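Survey of secondary and tertiary structure
Below, each chain spelled out in residue letters.
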Amino acid sequence: MLAACGMQRCHQEALKKNRVMLAKQLVLNVLVEHMVEKDIITTEMVEMIQAKSGSFDRNVEFLNLLPKRGPNAFSAFCEALRETQQQHLEAVILKTMSNLNHEIARLEHCHESDLPCPVSESCNSKRPRWLEPIEHSLDNGDGPSIPAVKYCSPEFYRNHQHLAYKLTSEPRGLALILSNVRFSSESDLEYRAGGDVDCASLEMLFRHLGYRVTVLCDQTAQEMQNALERFSKLQDHRDVDSCIIAMLSHGVEGGVYGSDGKLLELQEAFRLFDNANCPNLQNKPKMFFIQACRGDELDRGVDQRDGKERSDSPGCEESDANKEESLKLRLPTRSDMICGYACLKGTAAMRNTKRGSWYIEALTSVFAEDSRHSHVADMLVKVNRQIKQREGYAPGTEFHRCKEMSEYCSTLCRDLYLFPGYLPGK
């Protein structure tokens, strides 16, 4: 399934048709602060916009960002125009919207049978289905069987533990899954059919890997923030060797949506678990898995030129000034983290209503089979390989043969083997 959660296409078209006018006339300096207040853009994005040399270039940068900031971005932009006395710009955009809607209505009347209106398992009947991205079934088959985790041998542990993070505690660590499937009607975000499959698969995988798992479903952005803060402050982290955080929801680049349609910034989540804010997890591996869109661009793929492959569905330095003083070892603010993303920046993630998302299905399969003899970074490369080989099946729609590419980033400093089933002395 395509987890589509970007700006409606008709809104994108209205902005596109007025792009040059907006780039010339838009006054941004106060408007961007309103957009930050409305949780549409971040302070980091404001800095990126302001780094541009002139007002035209700053406006272009803003207009490039706006369509990727979710379904509420258009209405928030119009409201911000009114709040900054730029109603004349809003009027032009809304007039374009009206003309577009009249044209769609005319086409519907004249060529109704030719309109691309694919069958969807979660079609929102409140809106014409061809106006915006919706979810489409891309694969056949029933829900996946969750594979059993294969345990590592004592010999493998003895041969690899000297280069790896210590991971022998019982439990291995604490895991938190935040899974949003149902969203408030005001949010304009679609029901994530198949999201429950992902949540159940991850919960069982983490338990079989030896983690103590907490699952929270359909949380608002503030509830997600509060849950992450509580989880990061748990004293039990002192007695275990790692932790896992998984977030499953709609999203945009840099954030995931709460059930209320408001954004939780991923950098804020990462900050809660850094060495400054979570000392109980210093020098311990922290794994993040993000199943969410990072934009609404559809990866249509390209044909391989040769056509051979076929797709399947050191020490601490002392300061001369304080040589007598006993110094503690310093740590960078953020380290020992690895984060897997379902898709690349700016693109949409794919999800099947019965089998769950492509990424979580691949992740659970690879980790269950290979964690006995592979470290996490290598397993995420294998997940990438499986995602690369997969393509959508939706004949007659724009999503037929669409692609996805997962990725990960890491500040790990040792090999991260999960050593499933191995307990020293037992």
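Before reading further, recall that the structure is shown in the block above.
Note on numbering: residues in each chain are counted from 1, in written sequence order. Reporting of local features is limited, given that this is a predicted model, to residues whose pLDDT is at least 70; pairs of side-chain atoms are given and counted only at 80 or more, and all residues count toward the totals for whole chains, interfaces and linings. Calculation of side-chain values draws on the structure's entire complement of heavy atoms; hydrogens and water are dropped beforehand.

Let us now look at helix 12 (residues 358-370). Numbering of helices and strands runs from the N terminus, with a helix taken as a DSSP run of H or I at least four residues long and a strand as a DSSP run of E at least two residues long. Expected helix span is taken as 1.5 Å per residue step, with the number of steps being one fewer than the number of residues. Across its 13 residues, helix 12 extends 18 Å between first and last C-alpha, which sits within 8% of the 18 Å expected from 1.5 Å per residue. In terms of burial, helix 12 is largely enclosed, as eleven of its 13 residues are buried. Exposure classes here rest on a 1.4 Å probe applied to the protein chains alone. A residue is buried below 20% of its type maximum, exposed above 50%, and partly exposed in between.

Next up on the list: the packing of aromatic side chains. Note on aromatic pairs: the rings of Phe, Tyr and Trp (six-membered ring only in Trp) are paired at centre separations within 6.5 Å, and the planes decide the class, stacked below 30 degrees, edge-to-face beyond 60, tilted for the rest. In the structure shown here, the tally under the stated rule is eleven aromatic pairs. With a centroid separation of 5.4 Å and 80° between ring planes, the pair formed by phenylalanine 156 and tyrosine 417 is classed as edge-to-face. Judged by relative accessible area, tyrosine 417 falls into the buried class, the value being 8%. An aromatic cluster of three or more residues is present, and its members are Phe156, Tyr157, Tyr417, Phe419 and Tyr422. To sit over a ring, a charge needs its Lys NZ or Arg CZ within 6 Å of the ring centre and within 35 degrees of the ring normal. Its guanidinium or amino end placed over the ring of tyrosine 341, arginine 294 lies 4.0 Å from that ring's centre, counting from NZ or CZ.

Mapping serine 187 onto the fold places it in the loop between strand 2 (173-179) and helix 9 (195-208). By the criterion applied in these results, polar contacts are pairs of N or O atoms within 3.5 Å in which, for protein atoms, one can donate a hydrogen and the other can accept it, and in which residues neighboring in sequence qualify only through two side-chain atoms. A distance of 2.6 Å separates a polar atom in the side chain of serine 187 from the backbone oxygen of serine 184. Here, residues are in contact when the closest pair of their heavy atoms is within 4.5 Å. Sequence-distant contacts of serine 187, that is, excluding residues within four places in its chain, are made with Pro71, Asn72, Ser259, Asp260 and Gly261.

Attention shifts here to the sheet that holds strand 7 (residues 263-265). Strand pairing follows a simple DSSP-based rule, namely that at least 2 bridges must link the two strands. Spatially, three strands are ordered 5-6-7 in an open sheet, and the strand pairing comes out antiparallel. The sheet is open, and its two edges are formed by strand 5 (251-252) and strand 7, each paired on a single side. Bridging between strand 5 and strand 6 (residues 255-257) involves two bridges; their strand directions are antiparallel. Note that in strand 6 the partner of glycine 251 across the bridge is valine 256.

Note that every value here comes from positions in space, so none of it alone points to a role or purpose.
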